[in-house]
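Residues per chain, in single letters:
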Amino acid sequence: MPAGQVVKRGADDLVARTFSRSDSAPHPSGDRPTEFERDLHALLRRISPDGRFAEHLPATRVMIWRPPRREG
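Predicted model only: the values in this text are computed from it and were never measured.

J.: I tried to follow the environment of R17 on my own but got confused; where do I start?
T.: With respect to the secondary-structure elements, R17 resides in helix α1 (residues 11–20). For R17, a relative accessible area of 32% gives the class partly exposed. When residues no more than four places from it in sequence are discounted, the contact partners of R17 are E55 and P58.

J.: Which parts of the structure should I look at to understand the nonpolar core?
T.: Soluble globular proteins tend to bury their nonpolar side chains together. In this structure, A11, L14, V15, L40, L44 and F53 together form the largest nonpolar core, which totals six residues. Going through the elements one at a time, α1 and α2 (33–47) are the ones with two or more residues in this core. A per-element tally of this core places α1 first, with three residues. When near neighbours in sequence (up to four residues on either side) are disregarded, L40 contacts V15 and T18.

J.: Please clarify how the packing of α1 against α2 should be interpreted in this entry.
T.: How two helices pack is summed up by the angle between their axes together with the distance between the axes. Running from N to C, α1 and α2 cross one another at 140°; their axes reach a closest spacing of 10 Å. When the axis of α1 is compared with that of α2, the two are oblique. Crossing handedness for the pair α1 and α2: right-handed. Every residue of α2 that contacts α1 at A11, D12, L14, V15, T18 and F19 is listed here: P33, F36, E37, L40, H41 and L44. Each residue belonging to the contact of α1 with α2 can be placed in one class, and the counts come to eight nonpolar, two polar and two charged.

Scoring rules and cut-offs
Residues numbered from 1 in each chain as written. Predicted model: local features only at pLDDT ≥ 70, side-chain atom pairs only at ≥ 80, totals over all residues. Heavy atoms only, no water. Helix = DSSP H or I, 4+ residues; strand = E, 2+ residues; numbered from the N terminus. Buried < 20%, exposed > 50% of the residue type's maximum accessible area, 1.4 Å probe, protein only. Contact = heavy atoms within 4.5 Å. Core = buried A, V, L, I, M, F, W, Y, C linked by side-chain atoms within 4.5 Å. Axes fitted to C-alpha atoms, helices over the stretch in contact; angles between N-to-C directions. Parallel < 35°, antiparallel > 145°, perpendicular 65-115°, else oblique. Left-handed = near helix turned anticlockwise from the far one by under 90°. Nonpolar A, V, L, I, M, F, W, Y, C, P; charged D, E, K, R; others polar.

Structure, rendered in structure tokens:
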């Protein structure tokens, strides 16, 4: 999907995305990932009791490179 599109997400999708992001795993959950997940679900229920959310897809940059050639 192109960046900028809006997609529908459920609470489970948002929780899974939170755990999958390298900038949010594992330190937000510390040594208590179960409690972190429970609290995140509770927060999401307060924000949207029907469990529906919308997300603007961010742009994704893919960087590919080759290791330098070894001489000799």
